[in-house]
Structures are given as C-alpha cells and as structure tokens.
Amino acid sequence: MALQTSGLLFVVLLSCTAGIQLDGNGYTGVLFAINPSISEDPALLQRIENMIQDASVVLYGAVENRFYFKEVTILVPANWTEGNYSRAKTETYEKANVIIDEPNKSYGDEPYTLQYGQCGEPGQYIHLTPDFLLDDRFIEVYGKRDKVFVHEWGHLRWGLYDEYSEEQPFYRSSMGTLEATRCSKEIQGRHGESECKLDATTGLPTSDCKFLPIKDAPVKESIMSFPFLDHVSKFCSNETHNAEAPTRQNQKCGNRAALDVILKSSKDANTSQLSTPISKQNTTIKTVQRKRRVVCLTLDVSGSMNGPRIALLRQAATLFLRTTIEDTAAVGIVQFSSSPLILKTLTVIDGEQSREELVEVLPTTANGGTNICPGIDKAFEVMKGDDGSTEGDELILLTDGEASDNLNDCRDRVMNSGARVHTIALGPSADKKLQDFANLTDGIFHKSADSIDSNALTDAFASLATSDGNLAQQTIQLESAGKRTTDWFNGTFSVDWTVGKDTVITIVYEASMPKVHITSPSGLSFSESRFDHDTKIRTLSFKVQGIAKNGEWHYSLFNQGTSAQSMAITVTSRAASADVPPITVRAHMNQKSADGSKAMVVYAAVTQKGLPVIRANVTATLESDNGHKEELPLLDNGAGADAFRHDGIYSRYFTKLNSGRYSLKVRVQNQDNGMLSAHKHSGVLYISGYVENGTVVLNPPKPPVSQQPVEVGSFTRTATGESFVVELPPGSTGPPAFPPSKITDLRATLEGENITITWTAPGESYDQGTASRYHIGWSEDLALLRSNFNDSHLVDPWELKPQEVGSTEQYSFLPHNLSMTNGTTIFVAVLAENANSLRSDISNIEQVVKFIAAPPPPAPSLEEESTNVVAIAVGVTVAVFAILAVGGIICSRIKLFRRYDVIPLSERP
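Computed from a prediction, not measured in an experiment: that's the story for all the values here. (Residues numbered from 1 in each chain as written. Predicted model: local features only at pLDDT ≥ 70, side-chain atom pairs only at ≥ 80, totals over all residues. Heavy atoms only, no water.)

A short note on unusual backbone geometry
Residue Ser184 is bonded to the preceding Cys183 through a cis peptide linkage, with omega at 5 degrees. Here the bond from Glu221 into Ser222 is cis, since omega is 15 degrees, no more than 30 degrees from zero. Locating Ser222 in the fold gives a position in the loop between strand S12 (209-211) and helix H5 (248-252). You will see that Glu64, though not glycine, has its phi angle at about 55 degrees, which is positive. (Helix = DSSP H or I, 4+ residues; strand = E, 2+ residues; numbered from the N terminus.)

Notes on helix H4 (residues 145-158)
Under the 1.5 Å per step criterion, the end-to-end length of H4 is 19 Å for 14 residues, consistent within 8% with the ideal 20 Å. Of all 14 residues that make up H4, 14 are buried, and the element is covered over most of its length. One or two positions beyond H4, positive phi appears at Gly159, with a value near 65 degrees. (Expected span 1.5 Å × (residues − 1). Buried < 20%, exposed > 50% of the residue type's maximum accessible area, 1.4 Å probe, protein only.)

Things to note about the pattern of salt bridges
Scanning all chains against the criterion turns up 41 salt bridges. The partner of Lys185 in a salt bridge is Glu179, and the shortest N-O contact between them spans 4.0 Å. Notably, a salt bridge pairs Asp502 with Lys543, separated by 3.7 Å at the nearest N-O pair. Taken together, the positions of Asp502 in strand S22 (residues 499-509) and Lys543 in strand S26 (residues 539-543) put the pair 41 residues apart, joining distant regions of the chain. A residue is classified by how much of its surface remains accessible, and Lys543, at 39% relative accessible area, is partly exposed. (Salt bridge = Lys/Arg side-chain N within 4 Å of Asp/Glu carboxyl O.)

Considerations on the state of the cysteines
On inspection of all chains with the given rule, the structure shows three disulfides. One disulfide in the model links Cys119 with Cys253; its S-S distance is 2.1 Å. Taking the sign of the S-S torsion, about 105 degrees here, the bridge from Cys119 to Cys253 comes out right-handed. Within this pair, whereas Cys119 is found in the loop between strand S8 (112-114) and strand S9 (125-128), its partner Cys253 is found in the loop between H5 and helix H6 (258-264), the two being separated by 134 residues in sequence. The buried category is assigned to Cys253, whose relative accessible area is 5%. Covalent S-S linkage joins Cys183 and Cys236, the inter-sulfur distance amounting to 2.2 Å. (Disulfide = S-S within 2.5 Å.)

Re the environment of Ala33
Locating Ala33 in the fold gives a position in strand S3 (residues 30-34). When its relative accessible area of 0% is taken as the criterion, Ala33 is described as buried. It is 8.9 Å that separates the C-alpha atoms of Ala33 and Glu91, two residues lying 58 residues apart in sequence. Apart from the residues within four sequence positions on either side, Ala33 is in contact with Leu75, Tyr93, Ala96, Val98, Ile99 and Ile100. (Contact = heavy atoms within 4.5 Å.)

Here we look at the packing of helix H7 (residues 308-324) against helix H8 (residues 352-360)
Following both chains from N to C, one finds H7 and H8 inclined at 170 degrees, their axes separated by 9 Å at the closest point. Considering their axes alone, H7 and H8 lie roughly antiparallel with respect to each other. When H7 is examined against H8, the residues Thr318, Leu321, Arg322 and Thr323 are found in contact with a partner set consisting of Arg355, Glu356, Leu358 and Val359. (Axes fitted to C-alpha atoms, helices over the stretch in contact; angles between N-to-C directions. Parallel < 35°, antiparallel > 145°, perpendicular 65-115°, else oblique.)

Section: the sheet that holds strand S45 (residues 773-779)
Consider a sheet: its strands pair through backbone hydrogen bonds, and that pairing is either parallel or antiparallel. A sheet is described by the order of its strands in space; here four strands give the open sequence S46-S45-S48-S49, paired in antiparallel fashion. Pairing within the sheet leaves two strands with one partner each, and these edge strands are strand S46 (793-795) and strand S49 (846-849). Shown here is a sheet whose adjacent strand axes are inclined to one another by a mean of 30 degrees, direction ignored. (Pairing = 2+ DSSP bridges.)

A closer look at the confidence of the model for the chain
On average, residues of the chain carry a pLDDT of 90, and 91% of them reach 70 or more. Every residue in residues 1-16 scores below 50 in pLDDT, and together they form 49 contacts with partners more than four places removed in sequence or on other chains. Considering only residues more than four positions removed or in separate chains, one finds that residues 861-867, a stretch of pLDDT under 50, has 16 contacts. (pLDDT = per-residue confidence, 0-100.)

A few points about the sheet that holds strand S44 (residues 754-760)
Within the open sheet, the three strands sit side by side as S43-S44-S47. Their pairing is antiparallel. Bordering the open sheet on either side are strand S43 (747-751) and strand S47 (808-813), each of which pairs with just one other strand. Each neighbouring strand pair of the sheet contributes to a mean axis angle of 20 degrees, computed without reference to strand direction. Note that S43 and S44 share five bridges and pair antiparallel. Paired with Arg747 across the strands is Thr758, a residue of S44.

Comments concerning the nonpolar core
Buried together is how nonpolar side chains tend to be arranged in soluble globular proteins. In this structure, Phe32, Val63, Phe69, Trp153, Trp158 and Phe235 are the most contacted members of the largest nonpolar core, which totals 79 residues. Here this core gets nine residues from one element, more than from any other, and that element is helix H1 (residues 42-62). (Core = buried A, V, L, I, M, F, W, Y, C linked by side-chain atoms within 4.5 Å.)

This is the structure we're talking about:
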C-alpha cells in the first residue's frame, strides 16, 4: 500500500523482503537473482524451479495450510544469451530475496540467510550456490532442497532463528538429563558402545562428540532444527517446543516456539488457514533478464530553482554523468517547468565523449511553474526510444517545489509504466508525494539539503549507482565531505587494497576557486593546476592514472575569497582487480516511515562480498528538512539494536524523532583495526552423521573454510541510504519516552554456589544514555521466569550502578534458601529500568547447572546418562581414508561402534 501524504501515515518496513506480498495465502513478488559470475546453465534453472515448486507444498503443510509460493521470478544475468527470457521490469539484483552466487569463503556451499534484525523481523536475503542446487550429494549432509529452502524462508520472512547450536550441541535439562540441543526433544538418537568423554567441570560431552539422530524416526518437528530427517515437516509449536535448549531461537525470541512467532509476531501474523490442498501447479515461475540500463534525468527548472539551486543541480548531475553511471547505459535528459523539454534523447555511454555530450546539455537557467506530470510523460517518451517500452527503465525525478499540477493525474501512468521512478526532494518545500511515486514503483526516495557543504545532492545521485552483482564495475565512494569556511577545509581518505581503479577526485565550490593541495601516500603533492576546471559549474576534477596508490591521502582546500563560501569534495573509485571484490557499505533504516510510537533502527552493512568487516568506526548522520541533525556512532557489539557481535552489521536505535523528511549518510573509517570476520549467519545444519535402520552412517567431514580473521588495513567509505519520513501525531512535541533496550547477551556461570552474570549495559532510552538500575530474577521454573518475572526470586543489586551504554556489566549473587545438589538447574534473567521508571523487556534467559563429577573410575558414559540421546566421538579410531569427488573432501571410515556398522558416504548405494 502506498504512503499517504496526509492523514494517517502508514509505516513501511524496509528490508529485502519488502517486495514480497501475501496475496490471500500465496506469496508473490519473490525474487531470485543469479550472479553474472555464474555460467549459463538450463539445468540450474530447472533445479531452481523444482526446488521452489516442491518447497511450496512443504511450506503449506509446515504452517498448517496457511502459506505457499504463488508467483516467483528468477532474474538471470545480462550475459546469458542462450535462453528466451522475458524483459525485467522493476526486478534488480540488489532487491533479490534469494541470491545464487559463488561460495562464500566462510561458508563454502552451505546455504545461509543474512539476518540481523530482532525476532520476528525479516532477513535480508538467502544465499545458495550452484553446486548446492546441482550436486545431489549435498542432500546427504543438509537434507532435501525443498525443506532446506523452507528452513531458510523461516529466517528470511518470519525472523526465526536456528534451533540447533554448534557452539553448545549438548546441555543438561532441568530434569537432570543430558540432552542434544534440538527441537523437539522427540528427535532421538541411537545408543552406541564407544565412550564419549564428559568434561569434568560441566558434565557435558567434549568437543569431539557428535549427536547422531535417527533419520527415519516418526518425528515431525522441527524444520528449524533438523530438516534433514525424513519425517520432519513442521515448525515447533507451543506443545512441542524445547524452551530449555541453548538455541538462537530461544535466545533471540524469548524462548518462544517458532510457530508461535510466525502466527503472532511476524509480518504474516493472523493469516487464516485454507481448507483446500495446493500442489506444484499453484506456483507460477517466470524467468526475466535485464539488458541495457536506460535512465532519464527529469529535472525541475521552475523559477524556485533559479540561482544556487540550478548550479547545485548541474554540479551533482555532472558528477553522476562523468563518474557514477556505468558504461553501456543509455541516458536521456528532460527538463520541466510550466512545460517540458527534451534536452537529450537516449545516448549510450561508451566513453568520455558521450559523457561530456550529456553534461553539455544540462540546464543553466530556471523559470516558470512546476508541472511535474508533463515532465514525467516527456521522460517516458524519451525512455521508449530504445525499444518502444518503459518497462525496466529508470526515471530520476528531481524537484524543489510543490507541484503546480495534480500529481494524481499521472499516478496511474507511473504505476503502470513498469519503470522504476527514483525521486529527489531538493530543499524543504519539495512535494510530499515524491516518496509515494518511489514506493509505487520500487524506486528510491532521497531528501537533499540545498547547500554545497552538505554534499547531499551529490550523494543522492551517487547512491543511484546500480549493481548486477558484479562488484568490480560498481562505483565506490571513498570520501564525501563539505564545509562552509573562510579559510581551510582539511581531511583525509584512504585508498585500500581492494580499490584504486578509475579513482576520481571532484571538488565543487560556491563562488571562487579554492587553492588545492593533495598529498598521496608516497608523498607526491599536486595542486589545483593539475585539475580540470569547469568554470561554468564551478567544479575541479582530477582522475588518477592507473591504479591509485594504496594508503592515506590528505587534502587541504583553502578559500581564497574575501568571505565564507561552501566547498565539498567527493572521491570515487572502482575495484583494483576483477579478482578482488571491493569493501562495500550499505546503509538503511529498518523502516521507510515512522509515526514516533517506537524507535527506528539505523543499519550499516560493511562487507567484502559477504565477508563481514569488523572493528571499523562507523558513524551515521541523520538530518531532516526541518533542521534536526543527529550523529550516531553505530556499534557491532551484539547489544541493543545490534543482533550479533562482529557480524559486520553496525546498528543503533534512532530515538530522538521529530517530524520531517530525513536523509541518511554513513561514514566508515578504519585505521588498521578492521578485519574480515568468519561470523556464521543463520543457516541449515551440516549433518555429520545419522542412524538409519540400525546402522550408523557417517558423512564426510565438513569442508574446511577460512576461520581466522584477516586484517584489511586502512580504508574509508561513505554511503547514502534511502531517505525516510517521520510524522508524529498532531499536537505532539516529540516522541514518547522509550525504555532501556532489552539485554540480549546475558551470560551466566556457576562457581561453587555463586552465580556470576555478565551483560552489555543498555541505555536510558534504548541504547542511548545510561540506565538507572537493574533487576535480577532467578527461578528453577523457566516458564515462571518467562511469564511472571516479578514472581520469581528477585535480587536487588543496589550496589551496582549502571555504567554507560555499551559497557560490560558483571554481578555475582548467592541464591538464598536454595540447597544445591547435583543436577540443580537455575534460570536467570535481568531487566533494566530508567529514571522514568520504564523497564526494558526481560533479557534472554540463561541457565546454570550444578554438576558434581563422579569420582573416577569409571568415567560416566552417555549410555548411562540418557536413553534418547546418542553422541559419538568422531575421529577416535581411523581405519581407512578415501578421497571423495566433492571438492576433494576427505572422508574417514571410522570404527566407533561394535553394535552398528559404519558406512562412509563413498560406499553407500
């Protein structure tokens, strides 16, 4: 539903699932995209289609006849030439819900979902590899593709988390039994006769022990735990959920069942069941392809644009045409005021001459009214110049004023054009319906200040660079800064090892050419005389020949005029090599609009083609057209708004909401602290082995992947996210008071009979400021602690004064009136309170178990511990090694049991 510009403001969530709609009970708008590095293969397309159709039937049954896949689109690369593919409309690679790409260096071919929201919030995308889809041997270690995809859909659509744990595969239950971490507890494993040693301190199996489930056991739950098992076909419900297991689902979702989250807290909550069955024929799949990118700049030259604004337009559009828009794109230019005018028909970018031809026709004067609809219609006329259609094309609409005409007159034409309409609101008076046009067409909306020193208009144009997944061709912004000054404007930027090709330094100024001093990492200096000077648009530009020198570059701009003037600098580059993907930054809010009832979240993803870049300094600047400006240091500490520590996703709550249209800009700096991390995202479990018909079957060891962090060196990046709107209720003077954020990283240990807990300090208002006090609760009853915190045993840590947000807190206490014996289990939780007596939600619940090791000999074995869990020590006795064809994996034929035979994968029928 489109945003309304008056009256009720609809909150629009912003994530890569935003294009997915629920039509009745069927999902439409689901987009798969294949990376251009993948060779054309009809068999791959067929496997994708088979997986989707089969998964639709599985999904329908898994959620009690509620959901299925109705319409799915597969976007193939432009370099695929053998198939008969339909023309893409608004589908783009960066909007894909499922990406088919080369293996991630930290995952190999393992399916995973990029997920960094809170429980119930959609993820970003699912990542699959061609080998996973084409090589049936992966079914032996992950399960059937249809169920694996439904597992990942749980992450992507409903914000579910995994119901297993590689970090803690076993735990001791409140009943004193040793259990495998799983859901449901009905999933059983068979006993073996080899000993699995227990840690003398924790009483848990040592790290070389593995749980082997019975593959064909008649257990239906849970897809988020073991989709590999033959009969697993459901999500855990309140009746079957294992709330004690140390899973991410329990940690992130307050120990709630997956099905409970889907039906009550997800985007699809309260969806009714269907009474009729569905089949593969209920799913429609189409394959589309984008060809040449077609863009028409549609520029406002009404009277209000006269003077500084028309100059600012020329400066920003020139940079877009010279450095941002990619080669092979076709670009046209239209201006509009009281009437529209074609300045340039579609021109293919094939070198500097074609770029300059476009720059030369940019408008220089402004007068008249603001008739936007005729300008849009004229742009559509230009866009049809390549093939007679506007489908899949892009219109960039820039205006600074309210429309003189009625935008509703062309709303339907815009919506039905098949084109994406990106809108830029220049200054505070631009028409409020601009965001509506962008939302209607899956375009991007930007609010831009009308000053040079903000560099906002340049940033807005720069953010409209597109990517088909080939990061080597993407324009990367290394620096974007500005200042109004009477003297010096100084700064630095870094050219790191991943970029350096086509590096361009652009300087714009307001009145008089500044004195320029640039120093390269090697000490080479050059001045404004080395720059190309365009006096008409007051722009200096310098293109570094070859690959720019790696290291820190320094710049100094000196205002030689007699009065203050605004100056700005922009530095862009591309990947130094096609073989090394560049470090990129993606900035966005969790919503496109807000009414102030709850805080928003700022996100910045800093990655190198899926690998997280950690330990960088990341700052977000949010600025409204009403003058409100907020700078927020973003954190990757796994607390507050940040879901996971060191996953390369930096985030923070935005709580100081005021009505207005906000721009979002993120700056990333790293001074040799940044590293590439091997953080594991949500994804299906690799099965090390299983029991089938009384026989233990071992899979080959999981292929080794890079686990050690790698230093990335100094780098800088700037990125502009889509603008957003805050509209507080009439008469409101500001947003409501917010409580401290939920503590999500509570950890507990037992030393003797003392419980020590640690956590990251929340703020006074979510993750801003400092909380006032803490409340600690404990109980032997998990359900009581979850539902009635105040009825649990409460501990008042009066001597613990909360520290500043982000600090590490620690507290130890002795549970009173409790006699601990072997197997005693205690559950602990914490909540924070602020000066307004507002309390946070209850933290994740931790458990500690009193374990007293039996005196040796003999050491306890798992056969004595539990009747429904089997654990084996992998790698105890090696008899035969065999090389498998799957990626050179080494498989061990291991004698672990006398009762059951062990069959390596290479010898299975």
